[in-house]
There are 2 protein chains.
Amino acid sequence: MSLKSPSDQAKSKGLPPPTYHHGDLREALVQAGIEILEERGLAALTLRETARRAGVSHAAPYHHFSDKGALLTAIAARGFRMQHNAMAAAAQSTTDPGEGLQAYGLNYVSFAQNHPSLFRLMYTRECGPNTPPELAEASSGFYPKMVEGICAATGCSVEQASSISLLLWSTMHGLAMLWLDHQLLWEGHPPLDKLAYELSELLGRILQSPNPAP
Amino acid sequence: MSLKSPSDQAKSKGLPPPTYHHGDLREALVQAGIEILEERGLAALTLRETARRAGVSHAAPYHHFSDKGALLTAIAARGFRMQHNAMAAAAQSTTDPGEGLQAYGLNYVSFAQNHPSLFRLMYTRECGPNTPPELAEASSGFYPKMVEGICAATGCSVEQASSISLLLWSTMHGLAMLWLDHQLLWEGHPPLDKLAYELSELLGRILQSPNPAP
DNA sequence: CGGCAATCCTTACATTGTCAAGATGAGTTT
DNA sequence: AAACTCATCTTGACAATGTAAGGATTGCCG
């Protein structure tokens, strides 16, 4: 009896004894996937390993996800929700619209730093032009929220705010990505937080500078 | 005789008849890899498929690359060289330092648009902290070249130019990445070139705006 | 209480990365 | 020029992975 059956494994983990059928496997798989991602990186995030960690046979996930891609999509969607919550909390730590916007941006790169593999998975899914609606729904929201915040902070037109919003998003996203990919390793290589703060200060000037006619 | 031997395949492709031993397999593999990448995306870039396209057995690559990762690294390095050349050419199309800098940045995202999978491979290699020297050597160069260009265009200090350089790089990189990942699909979704130009114009104002003391 | 449908397991197969031996030919040495 | 040597290439094998088919188990609904 050297091999334990999947259900034995699950029970031996001390988890709340599932009524059977594992209770809510879909959720458990997503959770397990995120854990693997944070502990051992994207390369270790395999379907079978996820099932193993959830204490279930390797084909069980197919009753909840049509595909490995579907699992990854669900994990990415969960990641987007996590990031949304973290950023919203950061933005609400102040009442000043300008500071709120800055906190919003800084928290964007903080999240990338704290969850490197998850962040990469979220934004690196090569799902062609047909993005799964679950993902699209979860990932949308940054842009409109930023436009709103910029309008509140500067009182400029929605059109101008759109451009500025894209600028801020691109900058923070690019900084996070470059850091994740170890591209920011020149001499001195200050910590990521410092770089992000620098850039946010630099960008802050645009918000107050005069806007010449287009 | 339905199956052709690898060498037959290579010869039937009309390539310059190799003395044998394929001539320069390492180069052929990198080339084949780039082709697969552009035609069928990153998921299709498999070691065996690359060997197949190069007209060689599936284990042959191991005599030129220690690992699949090493192949990917070589392809990425090649990509960096391609991007360097393209950007340098774009920058030299004008004599005005400001315009040159703008062309430099716009070409950065153009390259990403024209070689989506290759671009992603280049910047998405999860090679931990121990980046292979071949890659590091090939990918370095953007930053110092931009700092130099910014100094020439604005006459500001090297320190300020460093911050601005990081800002430009991050912005263009982030824009390219977000576009590649289909994150820029809100209503209207203007073409990428237009967005890049918008941002470059917006950023241009920083270069001329007064710099308050730190 | 009986059947149904969902959930899960087992088995199986093609593909992939990787390794270990053999074959082959190019260049060098004698 | 003949023989040797070694890098290069091929063949065959193995474990791991994604995926599909069919059988077992369980909760639920009538």
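Predicted, not measured: the structure shown is a model, and the values here were computed from it.

**Thoughts on the overall build of chain A**
Secondary structure summary: chain A contains 10 helices and 0 strands in total. Reading chain A from its N end, one meets helices and strands in the order α-α-α-α-α-α-α-α-α-α. Pairs at least 24 apart in sequence give 66% of the contacts found in chain A among residues at least 6 apart. Approximately 10900 Å² of chain A is accessible, and the part contributed by carbon and sulfur atoms is 55%.

**Quick notes on the relation of the copies chain A and chain B**
Rotating chain A by 180° about the axis while translating it 0.0 Å along that axis superimposes it on chain B, leaving an RMSD of 0.1 Å. Expressed as an axis order, the relation between the two copies is that of a two-fold axis. In this assembly the copies share their binding face: 100% of the residues contributing to the interface of chain A also contribute to that of chain B.

**Some points on the interface of chain A and chain B**
Contacts between the two partners involve 39 residues from chain A, matched on the other side by 39 residues from chain B. Interface area for chain A against chain B, summed over the two sides, is near 3500 Å², with a carbon-plus-sulfur share of 62%. Among the residues of chain A in contact with chain B, Glu126(A), Leu166(A) and Gln183(A) are the three that bury the most area, contributing 15% of the side total. On inspection of chain A and its partner chain B, the count reaches 0 salt bridges. For the pair chain A and chain B, the number of links is 3 residue pairs in polar contact (both at pLDDT 80 or more). Contributing elements (two or more residues each) for the side of chain A that touches chain B: helix H6 (116–124), helix H9 (158–180) and helix H10 (192–208) of chain A. Sorting elements by how many residues they give to the side of chain A that touches chain B places H9(A) first, with 12 residues. A breakdown of the residues in the side of chain A that touches chain B according to their chemical character gives 20 nonpolar, 13 polar and 6 charged.

**A few points about the pattern of salt bridges**
Pairing of side chains with opposite charge becomes possible as their charged atoms draw close. Residues and elements named next belong to chain A. Within this structure, the stated rule accounts for 12 salt bridges over all chains. Salt-bridge contacts for arginine 120 lead to aspartate 181; the nearest nitrogen and oxygen are separated by 2.3 Å. In this pair, arginine 120 is assigned in helix H6 and aspartate 181 in the loop between H9 and H10, connecting sequence segments 61 residues apart. Bridged by salt links that share partners, the residues Glu35, Glu39 and Arg53 form one connected network.

**Brief notes about the packing of helix H4 (residues 68–91) of chain A against H6(A)**
Residue and element names in this part refer to chain A. Interhelical geometry of H4 versus H6 gives an angle of 110° and a closest axis separation of 9 Å. Classified by the angle their axes make, H4 and H6 are roughly perpendicular. The way H4 lies across H6 gives a crossing that is left-handed. Where H4 abuts H6, its residues Leu72, Ile75, Ala76, Gly79, Phe80, Met82 and Gln83 lie against Leu118, Phe119, Leu121, Met122 and Tyr123.

**Observations regarding the side chain of Arg125(A)**
You can see Arg125(A) is positioned in the loop between H6 and helix H7 (133–139). Although Arg125(A) is buried, it forms no salt bridge, and the closest oppositely charged side chain is Asp67(A) at an N-O distance of 8.0 Å. Reaching out from Arg125(A), the side chain makes a polar contact with the side chain of Thr73(A) at a distance of 2.8 Å. Beyond its immediate chain neighbours, meaning those up to four positions away, Arg125(A) contacts Gly69(A), Leu72(A), Thr73(A), Ala76(A), Leu135(A) and Asp181(B).

**A few points about the packing of aromatic side chains**
Two descriptors summarise a pair of aromatic rings, namely the distance from one centre to the other and the angle between the planes of the rings. Counting across every chain of the model gives 10 aromatic pairs over all chains. Seen from their ring centres, Tyr143(A) and Trp169(A) are 6.3 Å apart, and the 40° between their planes marks the pair as tilted. Here the residue Tyr143(A) occupies a position in helix H8 (residues 142–154), and Trp169(A) occupies one in helix H9, the gap between them amounting to 26 residues. In this pair, the class of Tyr143(A) matches that of Trp169(A), namely buried. Between Tyr108(B) and Tyr123(B), the ring centres sit 6.3 Å apart and the planes meet at 50°, which makes this aromatic pair tilted. Taken together, the residues span a long stretch of sequence, with Tyr108(B) in helix H5 (residues 97–114) and Tyr123(B) in helix H6 (residues 116–124) at a distance of 15 residues. Grouped by ring-pair contacts, the aromatic residues Phe80(A), Tyr108(A), Phe119(A) and Tyr123(A) constitute a single cluster.

**Quick look at the packing of H9(A) against helix H9 (residues 158–180) of chain B**
The N-to-C vectors of H9(A) and H9(B) enclose an angle of 95°; their axes lie 6 Å apart at closest approach. As far as their axial angle goes, H9(B) and H9(A) are roughly perpendicular. Taken together, the residues of H9(B) that come into contact with H9(A) (itself represented by Leu166(A), Leu167(A), Trp169(A), Ser170(A), Thr171(A), His173(A), Gly174(A), Leu175(A), Met177(A) and Leu178(A)) are Leu166(B), Leu167(B), Trp169(B), Ser170(B), Thr171(B), His173(B), Gly174(B), Leu175(B), Met177(B) and Leu178(B). Of the residues belonging to the contact of H9(A) with H9(B), the class tally is 12 nonpolar, 8 polar and no charged.

The rules behind these values
- Position numbers for residues count from 1 along each chain, tracking the sequence in the order it is written.
- The order in which chains are written sets their letters, starting at A; the order in which ligands are written sets their numbers, starting at 1.
- The model is predicted, so local features are restricted to residues of pLDDT at least 70 and side-chain atom pairs to those at 80 or more, both for listing and for counting; the totals for chains, interfaces and linings are taken over all residues.
- With hydrogens and water excluded, all non-hydrogen atoms of the structure serve as input to the side-chain values.
- Think of it this way: any DSSP run of H or I at least four residues long counts as a helix, any run of E at least two long counts as a strand, and we number them from the N terminus.
- The contact criterion used is simple: two residues touch if any of their non-hydrogen atoms lie within 4.5 Å.
- Where accessible areas are quoted, they stem from the Shrake-Rupley method and a 1.4 Å probe; at the residue level, only the protein chains shown are allowed to cover.
- The fit set for superposing copies consists of C-alpha atoms from residues with pLDDT of at least 70 in both; the fit itself is least squares.
- Using a 1.4 Å probe, buried area is obtained as the accessible area two parts lose upon being combined, added over both of them.
- One speaks of a salt bridge when a side-chain nitrogen belonging to Lys or Arg is within 4 Å of a carboxyl oxygen belonging to Asp or Glu.
- The definition of a polar contact used here is a pair of N or O atoms within 3.5 Å, where within protein one atom must be able to donate a hydrogen and the other to accept one, and adjacent residues in sequence count solely through side-chain atom pairs.
- Residue type decides the class: Asp, Glu, Lys and Arg count as charged, Ala, Val, Leu, Ile, Met, Phe, Trp, Tyr, Cys and Pro as nonpolar, and the leftover types, Gly among them, as polar.
- Fitted lines through C-alpha atoms serve as axes, helices being fitted only where they are in contact, and the angles separating the N-to-C directions of these axes extend from 0 to 180 degrees.
- Here the word oblique covers every angle except those under 35 degrees (roughly parallel), over 145 (roughly antiparallel) and from 65 to 115 (roughly perpendicular).
- With the far helix as reference, a near helix turned anticlockwise by less than a right angle produces a left-handed crossing, and one turned clockwise produces a right-handed crossing.
- Exposure is judged per residue with a 1.4 Å probe applied to protein chains only, and the accessible area is read against the type maximum: over 50% gives exposed, under 20% gives buried, and values in between give partly exposed.
- In this charge count, Lys and Arg are treated as positive and Asp and Glu as negative; neither His nor the chain ends contribute.
- Between 30 and 60 degrees the pair is tilted, below 30 it is stacked and above 60 it is edge-to-face, where a pair is any two Phe, Tyr or Trp rings, Trp via its six-membered ring, whose centres lie within 6.5 Å.

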